[in-house]
Every structure is written in structure tokens, then in C-alpha cells.
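Listed here are the chains, written in short residue letters.
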Amino acid sequence: MPHSSPRPESFIPYTAPAALEDLRTRLRATRWPDEPADAGWEFGTGLGYLRELVAYWADEFDWPAQEAALARLPHFRVPLGGLGIHFVHARAVAPRGPVLPLLLSHGWPDSFWRYSKIIPMLTDPGAHGADPADAFDVVVPDMPGYGYSDRPTGPPLDSIAVAGLWAELMSVLGYERFGASGGDVGSHVSRYLALDHPDRIVAVHRTDAGLPLYFGDPADLAPEERAWMAEVAAWGGTEGAYAAMHRTKPQTAAAALNDSPAGLAAWIVEKLRSWSDCGGDIERSFTKDEILTNVTLYWLTETIGSSMRMYRANSEIPPAQLARRVEVPSGFSLFKGDVVRPPRAWLERTANVAYVTEPARGGHFAAFEEPESYAEELRAFFRPYRSGLPGAD
């Protein structure tokens, strides 16, 4: 019998009232830790801000309203690789010219939420002050173990495996050639899409190049590369404890974070603050409603443990895979407020660089922090790669 392609089915996010009541009960029963006097955020998430956020979460945050807003995006689920994969698939509105399919891969600690603001800007640029000819069909999947996608019950999937799933997803949707973009873990996935499926990726855009892994002679590196690697090592010593836990003993942290919503918020909020371009004031980049929408998605889907396990899987990728150079045309938007931004020399070493910019505002979550700027970066980078697509002259 011929093999039938999996069929996406429409999906509407919904939370039972009992789950929200359980969440509020847990929040109100939080047993708070102490902290050193005048600690602020020096030792991790500031206790004063966390208390304020948890009180808002318990008594004022309107999850049904936030869920309804997210549900206005076109959601689907499809079986791939033995897992139910959730994705948003938004088609271009009234396009003028060839429409480029664009796959956006999120990172941690987030989900499709990272790109929720920019999807309308990419599908309907004319309605947002941009050229209608720059319209995209946008696909934003939740990685396995994140958001509304299934949690793997066996070994966690690494970025290479997820890239293979995304190539399959785009085939299911009828897109043979497409653009790929991502940041954080999504940058790794986009990289492997370009490495393993170069005939299908017209170009790849990333907001970072990942942490540096170099297996050659350090003397062959440019001075700015060596300086950057030293900077990254110093950053890892002060900011990298979360990643060490994720790579080595994720289940230890998961037992606490999956049981305590206040603990989950502390784990995620500290990263939203330290990695965003907020100058130490997290609500310059995210409102309480935005923060809690992201955290509540993790809580209700119980995906904090499964999301962390992907770090463990990625830590076991062989060096030969890590050392490969991307030959697909590559663009990088290195937002000023992001962490450990690589020098041009490193980008040239690891990829076929066609585009590099340094937007003045925005951090690690730039698609959410500065959506207009991020959307324009994508339009500008992918504009030359629309030729050869259906509808092109």
C-alpha cells in the first residue's frame, strides 16, 4: 500500500478551570525562601520581584484572555516521528509576488510564544507599513517537549533530529524550498537544517552562532575570536549554571520546578531579565502578562523537564557534527543586548556569510522584545532569495 502523508489537524488551546484553580492554590501556598539583605538580583531571581509577580499571577493574571489571544493564531498538530507536533501555520495575506515559506525555530525558555508578535508582521507586511512583496508563509513549530508538542518518552531529541522533523513537517505542508530562522536552541536547529538539507533551504538567518566550540589550533584563530572565547568562558562561569544543570542532571531540577509554580517562575524570569535588553528592569522588555503567559504555558503543559533534557541531548552531539561549516547563504542579526555576541571572523569561519547587522535595541528574545525591528531584519535578509520561488518572474 502507498505510504500516506500525515495530516495536520486544527488545534485550539484550552485549559480546564480545575487546572487554573490548582495553580492558584499552589501559588497562594508558596513557602518563600529567605535571601541576604539587599541581595537584589545578585544571587538569582530577586525575592521582592518574585513575590510581586506571584501575587499578580494568583489574583490578577487572566490566563483565559491570554489563551484566547494566542488561539487567534492558526494552530495545528501533526504526528511526526512518533510524536504529536504542534505548530502555527499562518499564510501570507494578499501577497504581491512570490511568497517565501519561512520556518521559525524557538529556543529556551520559551515556545512558539517567542514569535507570536511577529507572525502578523510577516504574513501581512502591507498592514504594518512594509512592502507587501515581502510576505511570508510562516510556520512556527513547538519543539518536542516544549509547548503544545508531545514530550518524548524515550531519549530526548537533539537539534539534528529536530531539524529532520522540521524538514519532514515542511514536506507535509507542501513546501519543498523554504527559509529557516531561529535563535538560541532554534539557531542550532536552523543550522542543521542548512547543513543536512541544503537543497531545500534557500537561506538561513540566525540571531546568534551558538557558544564557540573549536577543535583546531587556537593559534589559528583571529585575536578577536580568542578574546570572544575568553569572554564566553567568563560568562559561563557566572551565568552558565542553568545550562550545566540542564546538560547533566535535568531531572533533579525538574522535580522541583514541575511542582512549584513560584520556583518555575524564578527559573525562567531570571533568564528573561538577564538575557533581554532591559537594563535590569525586566518590565522594560516584558509586561507581567507577557512573562506569565510564557511561564503559564510551561506550567500547564508540564514541559520544563522535557525542555531541559534537550540540552542533555545536544551535549552528546559528536564533535565532527559541531565542526561542520554552513554553506547555505547565512545571515546574522546580532542584537546589541544579546549575550556573548560573536565577532565577524567567527561567523565567516563557521558559515557562508551573506548578511550581518547589529540592531541597536533588543536582546536574546528580540522577536518578542523588538518585533518591528526583528521582522524588518527577516524581510531585508530574505528579500534576495525569493527568485526561483513559485510566482517569481
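Our subject is the structure listed above.
This report concerns the structure included in the present document. (Residues numbered from 1 in each chain as written. Predicted model: local features only at pLDDT ≥ 70, side-chain atom pairs only at ≥ 80, totals over all residues. Heavy atoms only, no water.)

1. Here's the deal with the overall build of the protein
Each helix and strand counted, the protein has 16 helices and nine strands in total. Taking 2.2 N^0.38 as the reference for a compact globule, 393 residues should give roughly 21 Å; the C-alpha atoms of the protein span a radius of gyration of 21 Å, in line with that estimate. Per-residue burial over the protein gives 54% buried out of 393 residues. By sequence separation, contacts in the protein at least 24 residues apart represent 78% of the contacts at least 6 residues apart. (Helix = DSSP H or I, 4+ residues; strand = E, 2+ residues; numbered from the N terminus. Rg over C-alpha atoms; globule rule 2.2 N^0.38 Å. Buried < 20%, exposed > 50% of the residue type's maximum accessible area, 1.4 Å probe, protein only. Contact = heavy atoms within 4.5 Å.)

2. Quick look at the packing of helix α8 (residues 241-248) against helix α12 (residues 304-315)
For the pair α8 and α12, interaxial distance at closest approach is 6 Å and the crossing angle is 75°. Here α12 runs roughly perpendicular to α8, going by the angle between their axes. In this structure, α8 contributes Y242, A243, H246, R247 and T248 to the contact, and α12 contributes M308, Y311, R312 and S315. Residue classes in the contact of α8 with α12 are distributed as four nonpolar, three polar and two charged. (Axes fitted to C-alpha atoms, helices over the stretch in contact; angles between N-to-C directions. Parallel < 35°, antiparallel > 145°, perpendicular 65-115°, else oblique. Nonpolar A, V, L, I, M, F, W, Y, C, P; charged D, E, K, R; others polar.)

3. Quick word on helix α16 (residues 371-382)
A rise of 1.5 Å per residue sets the reference length of α16, with its twelve residues, at 16 Å; its end C-alpha atoms lie 17 Å apart and thus fit the reference within 8%. Along α16, the residues classified as buried are P371, Y374, A375, E377, L378, R379, F381 and F382. (Expected span 1.5 Å × (residues − 1).)

4. Digging into the pairing of strand β6 (residues 178-182)
Looking along a regular strand, one sees the side chains alternate between the two faces of the sheet. In terms of burial, β6 is largely enclosed, as five of its five residues are buried. Burial along β6 is two-sided: the face carrying F178, A180 and G182 and the face carrying G179 and S181 are both buried. As defined by bridge partners, strand β4 (residues 100-105) adjoins β6 across four bridges and the pair is classed as parallel. Each bridged residue has a counterpart across the sheet, and for L103 the counterpart in β6 is A180. In the sheet, β6 pairs with strand β7 (residues 201-206) via four bridges, with the strands oriented parallel. What sits directly across from A180, in β7, is V204. Regarding topology, helix α6 (residues 185-196) serves as the crossover connection from β6 to the parallel β7, and that connection is right-handed. (Pairing = 2+ DSSP bridges. Right-handed = clockwise from strand over helix to strand, strands pointing away.)

In short, shape yes, function no, at least from these values alone.
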